[in-house]
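The residues making up each chain are set out below.
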Amino acid sequence: MFTLAQYPLPYTTDALAPYISQETIETHYGKHVATYIDNLNKLIQDTPYETVSLTQIIQDTAGRPDQQKIFNNAAQVYNHDFFFRGMCPKCTAEIPQEIIDSFGSAENFKQQFKSAATSLFGSGYTWLVRDGETLKIINTGNADTPIAHDMTPILNLDVWEHAYYLDYKNRRADFIDSFLDNLVNWEFVAQNLAQSQQ
Ligand code: MN
């Protein structure tokens, strides 16, 4: 049995305004994420997945058409928890040096991330991942997640329309700029970079 309380927001629902409104957080976290958790609980009831961790469920159901609904809901819980923890209000940490070294400059990294997120067709996520030794920017469609592909997530951006439509309407590029310039929790990113090297 999973609960929303296991995946708490690390800030209040109004803390990311004006970049992401309280209404968006209340809908996105309070309704969408809550629904993925409810659906997951119903789907795993009376199955062996009831006693398995979220990441194990994702890895066990990935690529299996007969388990697609469980995968989708479990991966959405994981992806959203990662997304919400990857932001902070009034963040002060600097972009980690490893990202500057890998992409040439902070500006190059942001441009490549923005380009990927802008070009993602339909619903999905843009990610910074570690794939082996290499830092990469990738897109995943719908609920798909790097942990189903042996890659380690470092940062993600939800570009499903529900993530930005109340605040930005069709202006996804402006949402991406707000995220990269004002919302990324670089301390969280630095921790993920360090852990992914162990
Ligand atoms: Mn979402």
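Shown above is the structure to which this text applies.
Residues numbered from 1 in each chain as written. Predicted model: local features only at pLDDT ≥ 70, side-chain atom pairs only at ≥ 80, totals over all residues. Heavy atoms only, no water.

Caption draft 1: Layout of the overall build of the protein. Helices and strands together make up the secondary structure of the protein, namely eight helices and three strands. Beginning at the N terminus, the succession of helices and strands in the protein can be written as α-α-α-α-α-β-β-β-α-α-α. Compactness check: the protein gives a C-alpha radius of gyration of 16 Å against a globular reference of 16 Å for 198 residues, within 12% of the reference. With the C-alpha coordinates aligned to their principal axes, the bounding extent of the protein is approximately 50 × 40 × 30 Å. When each of the 198 residues of the protein is scored for burial, the buried share is 48%. At a minimum sequence separation of 6, the contacts of the protein that also span at least 24 residues come to 67%. Approximately 9,800 Å² of the protein is accessible, and the part contributed by carbon and sulfur atoms is 48%. Taken together, the 13 basic and 24 acidic charged side chains of the protein have centroids lying 5 Å from each other. (Helix = DSSP H or I, 4+ residues; strand = E, 2+ residues; numbered from the N terminus. Rg over C-alpha atoms; globule rule 2.2 N^0.38 Å. Buried < 20%, exposed > 50% of the residue type's maximum accessible area, 1.4 Å probe, protein only. Contact = heavy atoms within 4.5 Å. Areas by Shrake-Rupley, 256 points an atom, 1.4 Å probe, with all protein chains shown as cover. Lys, Arg positive; Asp, Glu negative; His and termini not counted. Charge placed at Lys NZ, Arg CZ, Asp CG, Glu CD.)

Caption draft 2: Spotlight on unusual backbone geometry. Here the amide bond leading from Ala 17 into Pro 18 is cis, since omega sits at 5°, within 30 degrees of zero. Position of Pro 18 among the secondary structure elements: in the segment before α1 (22–44). Phi at Asp 46 takes a positive value of approximately 65°, unusual for a residue other than glycine. With respect to the helices and strands, Asp 46 occurs in the loop between α1 and α2 (54–61).

Caption draft 3: Local environment of the coordination of the manganese ion. Bound to the manganese ion on the protein side are His 28 (NE2), His 80 (NE2), Asp 158 (OD) and His 162 (NE2), at distances that span 1.9 to 2.1 Å. Of note, the donors binding the manganese ion are all from one chain and are spaced H-x51-H-x77-D-x3-H. Of the two residues, His 28 is situated in helix α1 and His 80 in helix α3 (residues 68–85); the sequence distance between them amounts to 52 residues. Like His 80, His 28 is buried. (Donors = N, O, S within 2.8 Å, 3.2 Å for Na, K, Ca; no water.)

Caption draft 4: Here's a closer look at the packing of aromatic side chains. Here the structure, examined in full by the defined rule, presents 14 aromatic pairs. Relative to Phe 175, the ring of Tyr 164 has its centre 5.3 Å away and its plane inclined at 25°; by these criteria the two rings are stacked. Note that Tyr 164 is positioned in the loop between β3 (152–158) and α6 (165–168) and Phe 175 in helix α7 (residues 172–183), a separation of eleven residues in sequence. Judged on exposure class, the residue Tyr 164 and its partner Phe 175 are both buried. By the ring-pair criterion, three or more aromatic residues cluster together here, those being Tyr 29, Phe 83, Phe 84, Phe 103, Phe 109, Phe 113, Phe 179 and Trp 186. (Phe/Tyr/Trp six-rings, centres within 6.5 Å; stacked < 30°, edge-to-face > 60°.)

Caption draft 5: How the structure looks around the sheet that holds strand β2 (residues 134–141). What the three strands build is an open sheet, ordered β2-β1-β3; its pairing is antiparallel. Both edges of this open sheet fall to β2 and β3, since each of them pairs with a single strand only. Ignoring strand direction, the axes of neighbouring strands in this sheet form an average angle of 20°. This element, helix α5 (residues 106–119), spans β1 (124–131), β2 and β3 of the sheet and lies at about 20° to β2. (Pairing = 2+ DSSP bridges. Axes fitted to C-alpha atoms, helices over the stretch in contact; angles between N-to-C directions.)

Caption draft 6: Quick peek at the packing of α1 against α3. Two numbers describe how α1 lies on α3: the axes approach to 9 Å, and their chain directions differ by 145°. Here α1 and α3 pass one another in a crossing that is left-handed. Counting all contacts with α1, which are made through Ile 25, His 28, Tyr 29, Val 33, Tyr 36, Ile 37, Asn 39, Leu 40, Leu 43 and Ile 44, the residues of α3 involved are Lys 69, Ile 70, Asn 73, Ala 74, Gln 76, Val 77, His 80, Phe 83 and Phe 84. For the contact of α1 with α3, a count of residues per class yields 13 nonpolar, five polar and one charged. (Left-handed = near helix turned anticlockwise from the far one by under 90°. Nonpolar A, V, L, I, M, F, W, Y, C, P; charged D, E, K, R; others polar.)

Scope: geometric values only; no functional claims are made or implied.
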